[in-house]
Amino acid sequence: MPGDISANSGTTYFGQTLVNAVQSGTVPQSRIDDMALRILAAWYLLGQDSGYPSVNFNAWNINGGVNTHVNVQGDHKKLVNIFALVNPLTKFTSTDSVIRSIGAASTVLLKNVNKALPLASPETIGIVGNGAGPSSKGPNGNPSFIAVTATGLGMMAFLLWSFIQPLDAITAKASAAGTTVSSSLSDTDLNAASSAASGKDVAIVFITGLSVPQCVTGAAGDRNNLQAWHGGDALVAKVASVNANTIVVVNSVGAIVMESWINHVNVTAVVWSGLPGQEAGNSVTDILYGIYNPSGRLPYTIGKSASDYSAQVIYSSSSSITPIPYTEGLLVDYRHFDKNNIAPRFEFGFGLSYTAFQYSGISISGSTVGGTAPTGSALDSWLHTKVVTVTFTVQNNGTIAGHEIPQLYTTPPTSTQSAPKNLKGFDSIYLTPGQSKTVTMQLSRYDLSFWEVVSQRWTVPSGTHGISVGASSRDIRLTGSFTV
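Residues numbered from 1 in each chain as written. Predicted model: local features only at pLDDT ≥ 70, side-chain atom pairs only at ≥ 80, totals over all residues. Heavy atoms only, no water.

## Things to note about unusual backbone geometry
Right, so step 1: Cis geometry is adopted by the peptide bond preceding P118, which originates at L117 and carries an omega value of 0 degrees.
Right, so step 2: Within the chain, K115 stands out as a residue other than glycine whose phi angle is a positive 55 degrees.
Right, so step 3: Tracing the backbone through its elements, the reader meets K115 in the loop between strand 1 (108-112) and strand 2 (124-128).
Right, so step 4: Backbone geometry at N341 places phi at a positive 55 degrees, although glycine is not the residue there.
Right, so step 5: Topologically, N341 is positioned in the loop between helix 9 (334-339) and strand 7 (357-366). (Helix = DSSP H or I, 4+ residues; strand = E, 2+ residues; numbered from the N terminus.)

## With respect to the nonpolar core
In summary, soluble globular proteins display a tendency toward joint burial of nonpolar side chains.
Right, so step 1: In this structure, L110, I207 and W272 are the most contacted members of the largest nonpolar core, which totals 34 residues.
Right, so step 2: Mapped onto this core, the elements with two or more residues apiece are strand 1, helix 5 (190-197), strand 4 (202-209), helix 7 (232-242), strand 5 (246-252) and strand 6 (267-272).
Right, so step 3: The leading source of residues in this core is helix 7, at 4 residues.
Right, so step 4: Setting aside chain neighbours within four positions, we find W272 in contact with T107, V108, L110, V250, S252, G254, A255, I256, M258, L298, Y300 and I302. (Core = buried A, V, L, I, M, F, W, Y, C linked by side-chain atoms within 4.5 Å. Buried < 20%, exposed > 50% of the residue type's maximum accessible area, 1.4 Å probe, protein only. Contact = heavy atoms within 4.5 Å.)

## Quick notes on the pairing of strand 6
Right, so step 1: Extensive coverage of strand 6 is indicated by the burial of 6 of its 6 residues.
Right, so step 2: Bridging between strand 1 and strand 6 involves 4 bridges; their strand directions are antiparallel. Counterpart to L109 in the pairing with strand 6 is V271.
Right, so step 3: Across 5 bridges, the pairing between strand 5 and strand 6 is parallel. Across the sheet, residue I247 finds its bridge partner in strand 6, namely A269. (Pairing = 2+ DSSP bridges.)

## Digging into the environment of S186
Right, so step 1: As for its placement among the helices and strands, S186 is situated in the loop between strand 3 (180-184) and helix 5.
Right, so step 2: Judged by relative accessible area, S186 falls into the partly exposed class, the value being 23%.
Right, so step 3: For the pair formed by S186 and G129, sequence separation is 57 residues and the distance between their alpha carbons is 5.4 Å.
Right, so step 4: Discounting chain neighbours no more than four positions away, the residues touching S186 are G129, N130 and L235.
Right, so step 5: Within the local environment of S186, its side chain forms a polar contact with the backbone nitrogen of T188, the two atoms lying 3.2 Å apart. (Polar contact = N/O pair within 3.5 Å; in protein donor to acceptor, adjacent residues only side chain to side chain.)

## Here's the deal with the sheet that holds strand 8 (residues 386-396)
Right, so step 1: Here 3 strands make up an open sheet; going across it, the order is 7-8-13 and the pairing antiparallel. The open sheet has two edge strands, strand 7 and strand 13 (436-444), and neither has a second partner. Neighbour to neighbour, the strand axes of the sheet diverge by 20 degrees on average, direction disregarded.
Right, so step 2: The sheet contact formed by strand 8 and strand 13 spans 9 bridges and is antiparallel. Following the sheet pairing, F392 is matched in strand 13 by V439. (Axes fitted to C-alpha atoms, helices over the stretch in contact; angles between N-to-C directions.)

## Let's talk about the confidence of the model for the protein
Right, so step 1: On average, residues of the protein score 87 in pLDDT, and 86% of them reach the 70 mark or higher.
Right, so step 2: Confidence drops under a pLDDT of 50 for residues 79-90, and excluding neighbours within four residues, the segment shows 27 contacts in the predicted structure. (pLDDT = per-residue confidence, 0-100.)

## A closer look at the pairing of strand 17 (residues 475-483)
Right, so step 1: Sheet topology note: the strand 16 (residues 464-472)/strand 17 ladder contains 8 bridges and is antiparallel. From the neighbouring strand, I467 faces strand 17, where its bridge partner is G480.
Right, so step 2: Linkage of strand 16 to strand 17, two consecutive antiparallel strands, is achieved through a turn of 2 residues.

## Re the packing of aromatic side chains
Right, so step 1: In total, this model carries 8 aromatic pairs according to the counting rule given.
Right, so step 2: Here Y309 and F337 contribute two aromatic rings whose centre-to-centre distance is 5.3 Å and whose plane-to-plane angle is 80 degrees, an arrangement assigned as edge-to-face. Here F337 lies in helix 9 and Y309 lies in the loop between helix 8 (280-288) and helix 9, a separation of 28 residues in the sequence. For the pair Y309 and F337, a shared accessibility class is recorded, and that class is buried. (Phe/Tyr/Trp six-rings, centres within 6.5 Å; stacked < 30°, edge-to-face > 60°.)

Written out as structure tokens, the structure is:
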């Protein structure tokens, strides 16, 4: 951070190297000024210039004098549940963990056939996969990662203060209802997996996917492919071959290809837990048993093949510095899929609920006229003033209270040759059965602008701007437009 000029060289293009580049004229002083402006803009925006706490730790020198060793954890584990503040009917208690509730709220329900979930007091449950159990090296047992994927690596890594594994949480909940739980925590022993799942009312199989696989394989690099780790596809296939009610729980840092089993007739539900943190077990149990109604939405597209994505892995290169062509421009993730008419497995913004929501009555008002577009800076207030207002109504027409996540996408004029849809707003709306609410989202000129290279300014393009509102990037419920 900012990284070596070459691997493990200990050198950088910044620091004295950058100073030398400016002095020699290779890098203009104006570039340095622009870099400083961008850093200081955030500094002042967050009020760090006045009354901001002093730095009190140095991660590179734990015994340094600046370290005050403040206990920042406090009582986070027993803070009042943040969702209870907006959801008086939540089934969490005031002593439940904020971490637990965030884990549940961020979980995405991808598939739910014939209301396989929430679980309705099954007599027997089979739990399969090492992702349901503990690591042999403990919750912070780097480097094996043969267990629940609760955190990421690199800048996403942190030490867990405590950890609740899925097997323990599900077993505790099941036992209270008189349910018998069997388990196999091996990813590779398919016979044991079959034995644990066979004849059970429901089988829950846990699979994982993490980045930086050298921690396991010893080979440098990030994810080598988009498959589940440790033979996860084979594990799901084996469990589904012996149990007609197989639920798959995925802990992963990003998309995995699941085409080999997603349409299997016996895979009745898929729960995407992402990186759920130290309350992983309790969070997924709350989803499985309907204690929390799923409201998570995919922050990326899950494709049917790795080749569906705009970026491809470069497995070998003859150059010491591998050239990476960024030819996709702004057409990344769902924009790429939409622009090229590629059908995803699960689209950006997708997520199911245990209830149903209806959208109606879109209204668009406002105008972008007035003022003068600034030259250069993206910080000008003219850009960020809200000028277009979109309102609509969302109703819970199901039987269970829950959160809907309405999303607003814009479609710029065809002259821009941009992506068909661009996310510009979303919200989380809690609704009881039958309840409806009016949702308001506002757009600024910046939301509607493009960078004009020739004039070096942000410009709102002339023409018709489309507005789409829906439950995901491909589940559009309401449309409208306005003209600039």
